[in-house]
Amino acid sequence: MVYRILSIDGGGIKGVFALQILKMIEEELGREILKKIDCFSGTSTGALIVSGISMVYEPKDLLRFYRFFAKRVFPKRTEREDIGKAKYGNEKLKRILSHVFPENPTLSDLPRHIVIPACKLSNQCEGCWYPEVYDNFDREKAKEHSLIDVALRSSAAPIYFPSYQKYIDGGVFALNPSLIALSRAIDPKAGGVDLNNIRILSIGNGINPARIEEEIDWDEKRWMEPYGNMAMLPLFALMADMGAFIPEYPLTQILGDKYCRVNAPLSVPVEMDDLSKMRVLIEGAKNLRDQNKEKWDNTLGWVERTFLL
């Protein structure tokens, strides 16, 4: 029996790209694909998106939420009000999630499986910070975890937000959580799903045009200074982009044509809190369909023939 996993990358406001891709896939195939998903996996903004879909929100609803609530999560600031602190607080995001999920569900309350990574800043057993992966394969254990708390832990992006309950963004080790989701699904102590039955649709949040063409010899200060038109500081931009790329090769080797990755270049760099670039993200998704028709048709064909088999 086919077991379908939908995975969505982290990236702040760039989640608009993934939502537009999902919206277009459903519209063009004329099928309610998301109702057939067995397991949702998301990091950071991806965690927020899959949490919403798990509670039966549609991509068009979540796009509306992003447009309406983003200005509250990422308010305009003329200057850094608190030097040395994160750019934004997480109180407004928590209030928004409490509004979106008024019954404060636990992971056990979700009707389908979910996998969300976060990073624990201090692990007593290991004596160091440690990756944490939340899921609801064990329904009894999943009752211990509020969906809102887990989403806030996974989306506590360093520099942008303070830690939440001593956790930070799962993107520090799994910006693209598709490989983590596969691991939990086939783990005999978790999902116990037969590898041959798994299909993964992995959706990115747009590829920033970031590169360094010259030979470089940089110290730590230079790696942490603006460079060209990069959306982030060079070291963070590099690590974030590589984090999204890394799972693709092993998943292609393990699953072959049972794995599909959907992502596309953006026309200009987009930082995760740049609300002025929402249109760029929407257009980036539409350009994949309109300017790369062969790739888009192949994606739709894969979803229809392999994913929805």
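Residues numbered from 1 in each chain as written. Predicted model: local features only at pLDDT ≥ 70, side-chain atom pairs only at ≥ 80, totals over all residues. Heavy atoms only, no water.

Asks: When you look at the overall build of the protein chain in this model, what are you seeing that I'm missing?
Replies: Helices and strands together make up the secondary structure of the protein chain, namely 13 helices and seven strands. Against the compact-globule benchmark of 19 Å for 309 residues, the protein chain has a radius of gyration of 19 Å, which places it among compact chains. Considering only C-alpha atoms, the protein chain reaches an extent of 55 × 45 × 40 Å along its principal axes. With 309 residues in all, the protein chain has 50% of them scored as buried. Counting every atom, the protein chain has about 15500 Å² of accessible surface; 52% of that belongs to carbon and sulfur. Averaging the positions of the 41 positive and the 42 negative side-chain charges in the protein chain gives two centres separated by 5 Å. (Helix = DSSP H or I, 4+ residues; strand = E, 2+ residues; numbered from the N terminus. Rg over C-alpha atoms; globule rule 2.2 N^0.38 Å. Buried < 20%, exposed > 50% of the residue type's maximum accessible area, 1.4 Å probe, protein only. Areas by Shrake-Rupley, 256 points an atom, 1.4 Å probe, with all protein chains shown as cover. Lys, Arg positive; Asp, Glu negative; His and termini not counted. Charge placed at Lys NZ, Arg CZ, Asp CG, Glu CD.)

Asks: What's the story with the packing of helix 4 (residues 91-100) against helix 6 (residues 147-154) in this structure? I'm lost.
Replies: Any two packed helices are characterised by the angle at which their axes cross and by the distance between the axes. In contact at an axis separation of 10 Å, helix 4 and helix 6 are set at 145° when each is read in the N-to-C sense. As helix 4 runs across helix 6, the sense of the crossing is right-handed. On helix 6, the residues touching L93, K94, L97 and S98 of helix 4 are I148, A151 and L152. Of the residues in the contact of helix 4 with helix 6, the class split is five nonpolar, one polar and one charged. (Axes fitted to C-alpha atoms, helices over the stretch in contact; angles between N-to-C directions. Left-handed = near helix turned anticlockwise from the far one by under 90°. Contact = heavy atoms within 4.5 Å. Nonpolar A, V, L, I, M, F, W, Y, C, P; charged D, E, K, R; others polar.)

Asks: In this structure, what is going on with a nonpolar patch on the surface? I would like to understand it.
Replies: Residues L238, M242, F245 and I246 make up a contiguous nonpolar surface patch of roughly 380 Å² in combined accessible area. Tracing the sequence through the fold places F245 in helix 10 (residues 234-245). Look at F245 and you get partly exposed, because its relative accessible area is 41%. (Patch = residues over 30% accessible without salt bridge, like charges linked within 9 Å, V, L, I, M, F, W, Y side chains within 5 Å. Salt bridge = Lys/Arg side-chain N within 4 Å of Asp/Glu carboxyl O.)

Asks: I would appreciate a short explanation of the pairing of strand 4 (residues 128-135) in the present structure.
Replies: Both faces of the sheet carry side chains from a regular strand, because those side chains alternate between them. The pairing of strand 3 (residues 113-123) with strand 4 spans seven bridges and is classified as antiparallel. Of the residues in strand 4, the one forming a bridge with K120 is Y130. (Pairing = 2+ DSSP bridges.)

Asks: Help me understand the packing of helix 8 (residues 178-186) against helix 11 (residues 248-255) in this model?
Replies: Between helix 8 and helix 11, the shortest axis-to-axis distance is 9 Å and the interhelical angle comes to 40°. If you check the angle between helix 8 and helix 11, you find them oblique. Within the contact between the two elements, helix 8 uses S178, L179 and L182 and helix 11 uses P250, L251, I254 and L255. In the contact of helix 8 with helix 11, the residues fall into six nonpolar, one polar and no charged. (Parallel < 35°, antiparallel > 145°, perpendicular 65-115°, else oblique.)

Asks: Help me understand unusual backbone geometry, please; the structure alone is not making it clear to me.
Replies: Its identity as a non-glycine residue notwithstanding, S44 has a phi of 55°, on the positive side. Residue position: S44 is located in the loop between strand 2 (39-42) and helix 2 (45-54). Overall, S44 belongs to the buried group, its relative accessible area being 4%. Look at I159: it is not a glycine, yet its phi comes out positive at around 80°. Tracing the backbone through its elements, the reader meets I159 in the loop between helix 6 and strand 5 (167-169).

Asks: Quick question: what am I supposed to make of the packing of aromatic side chains here?
Replies: In this description, a pair of aromatic rings is defined by centroid distance and the angle of the planes. Here the structure, examined in full by the defined rule, presents eleven aromatic pairs. Between F68 and F69, the aromatic rings sit 5.0 Å apart at their centres with planes inclined by 75°, giving edge-to-face as the arrangement. Its relative accessible area of 12% is what places F69 among the buried residues. Judged by centre distance (5.2 Å) and plane angle (70°), the ring pair of F74 and Y88 falls under edge-to-face. Here F74, found in the loop between helix 3 (59-73) and helix 4, pairs with Y88, found in the loop between helix 3 and helix 4; they are 14 residues apart in sequence, far enough to count as distant. Ring pairing ties together the aromatic residues Y57, F65, F68, F69 and F101, which thus form one cluster. In this arrangement the basic side chain of R72 is found over the ring face of F68, its NZ or CZ atom lying 4.4 Å from the centre. (Phe/Tyr/Trp six-rings, centres within 6.5 Å; stacked < 30°, edge-to-face > 60°. Lys NZ or Arg CZ within 6 Å of the ring centre and 35° of its normal.)

Asks: Can you help me understand the pattern of salt bridges in this one?
Replies: Side chains that differ in sign of charge can pair as their charged atoms come close. Evaluated as defined, the whole model comprises 17 salt bridges. Among the salt bridges present, the one from K277 reaches D274, with a minimum N-O distance of 3.1 Å. By relative accessible area, D274 is classed as partly exposed at 21%. Among the charged side chains, a network of salt bridges with common partners joins E28, R289 and D290.

Asks: Is there a simple way to explain the nonpolar core in this structure?
Replies: Nonpolar side chains tend toward joint burial in soluble globular proteins. Core analysis: the largest hydrophobic core is formed by 72 residues, its most contacted members being L6, I21, L201 and V303. Take this core: its biggest share by element is nine residues, from helix 1 (residues 15-29). In this structure, I21 is in contact with I203, V262, A285, L288 and W296, ignoring residues within four places of it in sequence. Counting 15 residues, the second largest nonpolar core, distinct from the first, contains Y3, I5, V115 and F137. (Core = buried A, V, L, I, M, F, W, Y, C linked by side-chain atoms within 4.5 Å.)

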